Amino acid sequence: MDFQFNEEQREFRALLREFVDREIIPVARDWEHSGRYPTEIVDGMREMGLFGITIPEEYGGLDLDPVSFALVFEEIARGWMGIAGILGSHSLACRMIAMRGTEEQKRTYLPGLAAGVRRTGIGLTEPDAGTDLQGIRTTARLDGDHYVVSGTKTWITNARYADPLPVLVKTDPTTTPAHKGMSILLVDAGLEGYEVTKDLPKLGYKGTESCEVVLDNVRVPKENLLGGVEGKGLQHALSALEWGRVNIASRSVGIAQRAHDEAFAYAKQRKAFQQPIADFQAIQLKLGNLSTQIQAARLMAYWAADAVRAGRADGATGMAKIFCSEVALEASIDAMKIHGGYGYSTEYEVERLYRDAILMSIGEGTNDILRTVVAKSVLSGETVVR
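Criteria and thresholds
Residues numbered from 1 in each chain as written. Predicted model: local features only at pLDDT ≥ 70, side-chain atom pairs only at ≥ 80, totals over all residues. Heavy atoms only, no water. Helix = DSSP H or I, 4+ residues; strand = E, 2+ residues; numbered from the N terminus. Rg over C-alpha atoms; globule rule 2.2 N^0.38 Å. Contact = heavy atoms within 4.5 Å. Axes fitted to C-alpha atoms, helices over the stretch in contact; angles between N-to-C directions. Parallel < 35°, antiparallel > 145°, perpendicular 65-115°, else oblique. Left-handed = near helix turned anticlockwise from the far one by under 90°. Nonpolar A, V, L, I, M, F, W, Y, C, P; charged D, E, K, R; others polar. 1 Å grid on protein atoms, 1.4 Å probe; cavity = no way out; pocket = protein on both sides within 12 Å on 5 of 7 lines; lining within 4 Å. Points joined across faces, edges and corners; volume = space filled by probe spheres on them. Polar contact = N/O pair within 3.5 Å; in protein donor to acceptor, adjacent residues only side chain to side chain. Core = buried A, V, L, I, M, F, W, Y, C linked by side-chain atoms within 4.5 Å. Buried < 20%, exposed > 50% of the residue type's maximum accessible area, 1.4 Å probe, protein only. Phe/Tyr/Trp six-rings, centres within 6.5 Å; stacked < 30°, edge-to-face > 60°. Lys NZ or Arg CZ within 6 Å of the ring centre and 35° of its normal. Expected span 1.5 Å × (residues − 1). Arc of directions from axis to C-beta.

## Regarding the overall build of the protein
- Broken down by element type, the protein carries 11 helices and eight strands.
- For 386 residues, the compact-globule formula gives about 21 Å, and the C-alpha radius of gyration of the protein, at 21 Å, lands near that figure.
- Across its three principal directions, the C-alpha atoms of the protein cover 80 × 50 × 40 Å.
- Long-range pairs, those at least 24 residues apart, make up 74% of the contacts in the protein between residues at least 6 apart in sequence.

## Points about the packing of helix 8 (residues 281-310) against helix 9 (residues 314-339)
- The interhelical angle for the contact between helix 8 and helix 9, taken along N-to-C directions, is 155°, at an axis separation of 9 Å. As the angle between them shows, helix 8 and helix 9 are arranged roughly antiparallel. Note on packing geometry: the crossing formed by helix 8 with helix 9 is left-handed.
- Residue composition of the contact of helix 8 with helix 9, grouped by class: 20 nonpolar, three polar and four charged.

## Observations regarding the layout of surface pockets
- Of the pockets and cavities examined, the largest pocket occupies roughly 1,400 Å³.
- Listed by contribution, the elements that provide at least two residues to the lining of the largest pocket are helix 5 (81-100), strand 2 (146-157), helix 7 (233-269), helix 10 (350-360) and helix 11 (367-380).
- Here the lining of the largest pocket takes eight residues from helix 7, the largest share from any one element.
- Tallied by class, the residues present in the lining of the largest pocket amount to 19 nonpolar, 16 polar and 11 charged.

## Section: the side chain of Glu351
- Inspection of the secondary structure puts Glu351 in helix 10.
- A distance of 3.5 Å separates polar atoms of two side chains, one belonging to Glu351 and the other to His33.
- One polar contact links Glu351 to Arg355, side chain to side chain, over a distance of 2.8 Å.
- Ignoring sequence-local partners within four residues, the contact set of Glu351 consists of His33, Met336, Gly343, Ser345 and Thr346.

## Section: the nonpolar core
- In terms of nonpolar packing, the biggest core is built from 68 residues, with Ile24, Met45, Leu50, Val72, Ile76 and Ile338 touching the most fellow members.
- The element contributing the most residues to this core is helix 7, with 12 residues.
- Not counting the four nearest positions on each side in its chain, Met45 is found in contact with Phe19, Leu50, Phe51, Ile76, Ile83, Ile86 and Leu87.
- The next biggest cluster of nonpolar side chains, apart from the first, holds 23 residues, and it includes Tyr109, Leu124, Leu133 and Ala237.

## Details of the packing of aromatic side chains
- Using the criterion set out here, one finds seven aromatic pairs in the structure.
- Aromatic side chains Phe273 and Phe280 sit 6.4 Å apart centroid to centroid with 85° between the ring planes, which places their arrangement in the edge-to-face category.
- On the basis of relative accessibility, which here comes to 70%, the residue Phe273 falls in the exposed class.
- Summarising the aromatic geometry, the rings of Tyr342 and Tyr348 are spaced 5.2 Å apart at their centres and angled 35° between planes, so their arrangement reads as tilted.
- Judged by relative accessible area, which is 40%, Tyr342 ranks as partly exposed.
- Ring-pair connections join several aromatic residues into one group, and the members of that group are Phe69, Phe73 and Trp243.
- Taking NZ or CZ as reference, Arg36 lies 3.9 Å from the ring centre of Trp31, over its face.

## Side note on helix 1 (residues 7-24)
- Counted at 1.5 Å a residue, the expected span for helix 1 with its 18 residues is 26 Å, and the 25 Å between its end C-alpha atoms agrees.
- Of the residues making up helix 1, those classed as buried are Gln9, Phe12, Leu16, Phe19, Val20 and Ile24. Each buried residue of helix 1 lies within a common arc of 100° when the element is viewed along its axis, so the set occupies one face.
- Where helix 1 is buried, its residues contact helix 2 (28-34), helix 3 (39-47), helix 4 (66-79) and helix 5.
- At the N-terminal end of helix 1, a side-chain oxygen is found 3.1 Å from the backbone nitrogen of Glu8, two or three residues along, and the residue is Asn6.

The values reported here are purely geometric and, on their own, carry no functional implication.
Encoded structure:
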């Protein structure tokens with residue numbers, strides 16, 4: 001059993017760390033508090049080719065293996081989790097187009113998306129349908145050579161920049177089960193009736209926008225039906241979410257690692273009773289637990305990424321997303337406790353880590369839902385625990 005990165009992965013991780021340490025960490029706290037959009041960081045990620053991490057090389061992408069994909073989100077989230085969100089939705093949508101799109105759709109969209117000239121996201125969630133995607137109400141009625149799309153999507157990352165935005169719709173709302181009547185349409189930017197109506201206020205996950213999008217009789221060309229066949233939309237979305245869970249697990253590891261780093265640095269320099277608080281056993285117990293849990297979470301995330309590569313991912317990615325997200329929250333809380341009163345201050349990093357960590361247990365499937373996914377995978381024999 002080999003727990004080592006190959007040379008290419010080691011070099012890639014070093015490149016990512018240098019970028020995060022130079023371009024993200026020095027500005028993250030101030031930009032997050034001011035609500036400033038991280039344009040310069042996005043430009044840097046574009047120059048590094050990171051918008052093409054799930055796009056095949058023939059279309060200009062990097063086509064990263066799943067473990068290298070995980071490294072991207074771990075390292076960027078270590079600097080600022082919200083920035084990882086900009087890449088997250090984009091990468092999932094690109095993966096979906098690359099794997100499920102027609103050749104014409106790939107040629108039309110993927111080169112620009114790989115270069116970061118275009119960006120994208122994914123329009124799944126609705127005000128009344130999140131975990132239960134089969135409950136969506138957005139419809140697409142075929143009218144000649146166009147679909148007429150009506151509905152509302154919410155919590156859409158990159159909504160103002162998406163071109164196209166893959167949108168999950170019901171092309172046949174009468175079918176049973178509902179997923180047989182669900183499809184994904186690639187909605188181009190600038191179409192009449194597509195409107196970003198508001199930004200959703202958030203506790204954390206700053207740096208990227210999360211928006212509500214209204215589609216009011218938007219006419220989408222028939223050739224923008226992903227894959228060219230109706231009724232495959234939910235399958236397309238769920239296959240992309242396997243990579244999404246690796247993304248969330250890895251972001252969680254990045255948050256936890258930053259909490260670890262901040263906690264250790266503070267414990268060594270903060271003194272009480274004429275000695276560093278790191279000398280006290282109560283603090284050492286927290287630091288020891290932090291280190292152990294983070295390393296376990298990291299290995300879980302990489303294991304899940306390798307399971308994606310091997311095509312046996314559902315249970316593994318669910319396990320990793322559950323475990324890593326809960327480690328991130330525990331690590332951020334413990335780091336705040338080690339900082340004492342300063343941990344509650346916006347002058348220190350750890351309060352932001354806490355606000356960002358909470359989302360990790362919700363995004364890409366809530367942890368409670370994923371526990372049932374894991375159980376079903378084990379019961380079916382697809383995932384074996386031994």
